[in-house]
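Results of the structural survey
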Amino acid sequence: MKIALLMNDNSYAGREYIDHLEIAKIAFDVIIFGKNPESDNLEDERCENLWKPKKILEVRSRLNIFRFNSLKDKDFSDHLKKNRYYVGIQGGTGILTLDVISSFSYGILNFHPGKLPEYAGCTAPEWQVYEGKEIFCTCHLIDENIDSGPIISLKVLKPSMKSYANMRATIYPQIGIFLVDIIKMFIERKEEMSPKSFPQDKKKRIYRNPISSEKLEKVKSLICKKV
């Protein structure tokens, strides 16, 4: 079963996933787009530098890495036709087209840090805390829209709640564990018994815009009360 992780260069989520897949000794290719700096200023700020996934330079000698200029690169399209991957993992890229998605026999998995369909969109962990809910991760198949594809599995995450920065810094390490569990399930069941998915209830879908600074302050105060 051929597996590929798709990510923009130096995506923190992608780098986190690489680490967990490597630890689990799962074979996979890494497909990287563009060229970005090693540091993500947004993540460094909100995580207060507590989240520092391994750099690509640290692991590149052990991985099958393929680099392309962008998702529209013809060489990328040719690569997909040649390799015929069974399942892909979204590790932080731009919007994926149906042509790319359909190149994977099963599809491409996304691990969204929110309970779908109620917490689609941006800053889902913050919105869940703000509304007094547990923080979920939803494993779903990607379609042509945002966070709207069929659901495979959901898991309650248990990030550190010592502070807002600690919460944000431990979200994706927690998701990395979930990702490995899902990929192991694919491998154990083999292609003929791959996990089934179920469509999202469109009536329950709520797309979340980035949480406001005012609401974020309430989130931080709620986390402090949990300590």
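Definitions and limits used
Residues numbered from 1 in each chain as written. Predicted model: local features only at pLDDT ≥ 70, side-chain atom pairs only at ≥ 80, totals over all residues. Heavy atoms only, no water. Helix = DSSP H or I, 4+ residues; strand = E, 2+ residues; numbered from the N terminus. Rg over C-alpha atoms; globule rule 2.2 N^0.38 Å. Buried < 20%, exposed > 50% of the residue type's maximum accessible area, 1.4 Å probe, protein only. Contact = heavy atoms within 4.5 Å. Pairing = 2+ DSSP bridges. Axes fitted to C-alpha atoms, helices over the stretch in contact; angles between N-to-C directions. Patch = residues over 30% accessible without salt bridge, like charges linked within 9 Å, V, L, I, M, F, W, Y side chains within 5 Å. Areas by Shrake-Rupley, 256 points an atom, 1.4 Å probe, with all protein chains shown as cover. Salt bridge = Lys/Arg side-chain N within 4 Å of Asp/Glu carboxyl O. Core = buried A, V, L, I, M, F, W, Y, C linked by side-chain atoms within 4.5 Å.

**Things to note about the overall build of the protein**
- A tally of helices and strands in the protein yields eight helices and nine strands.
- Relative to the 2.2 N^0.38 estimate, which gives 17 Å for 227 residues, the radius of gyration of the protein is 17 Å and therefore close to what a compact globule would have.
- Projected onto the principal axes, the alpha-carbon positions of the protein cover approximately 55 × 40 × 30 Å.
- Per-residue burial over the protein gives 49% buried out of 227 residues.
- Counting contacts in the protein only where the partners sit at least 6 residues apart, residues at least 24 apart contribute 70% of the total.

**Some thoughts on the sheet that holds strand S4 (residues 87–90)**
- Pairing in this open sheet of seven strands is mixed, and the strands run S3-S2-S1-S4-S5-S7-S8 from one edge to the other. Taken across any chain shown, the strands that pair with only one partner, and hence form the sheet edges, are strand S3 (64–68) and strand S8 (151–156). Taking each pair of neighbouring strands and ignoring which way they run, the sheet shows an average axis angle of 20 degrees.
- Here strand S1 (residues 3–8) pairs with S4 via four bridges, running parallel.

**Observations concerning a nonpolar patch on the surface**
- Judged by side-chain polarity, Ile95, Ile146 and Tyr207 come together as a nonpolar surface patch covering roughly 290 Å² of accessible area.
- Residue placement: Tyr207 occurs in strand S9 (residues 207–208).
- A relative accessible area of 38% places Tyr207 in the partly exposed class.

**Observations regarding the nonpolar core**
- Residues Ile18, Ile89, Leu109 and Phe111 are the most contacted members of the largest nonpolar core, which totals 49 residues.
- Of the residues forming this core, the biggest block, 12 residues, is contributed by helix H7 (residues 164–189).
- Core analysis: the second largest hydrophobic core is formed by 14 residues, Leu6, Phe76, Ile108 and Ile142 among them.

**With respect to the environment of Glu192**
- Within the secondary structure, Glu192 sits in the loop between H7 and S9.
- On the basis of relative accessibility, which here comes to 64%, the residue Glu192 falls in the exposed class.

**A look at the pairing of S4**
- Where burial is concerned, the two faces of S4 agree: the one with Val87 and Ile89 and the one with Gly88 and Gln90 are both buried.
- Across three bridges, S4 lies against strand S5 (residues 107–112) in parallel orientation. Bridge pairing in S5 links Val87 to Gly107.

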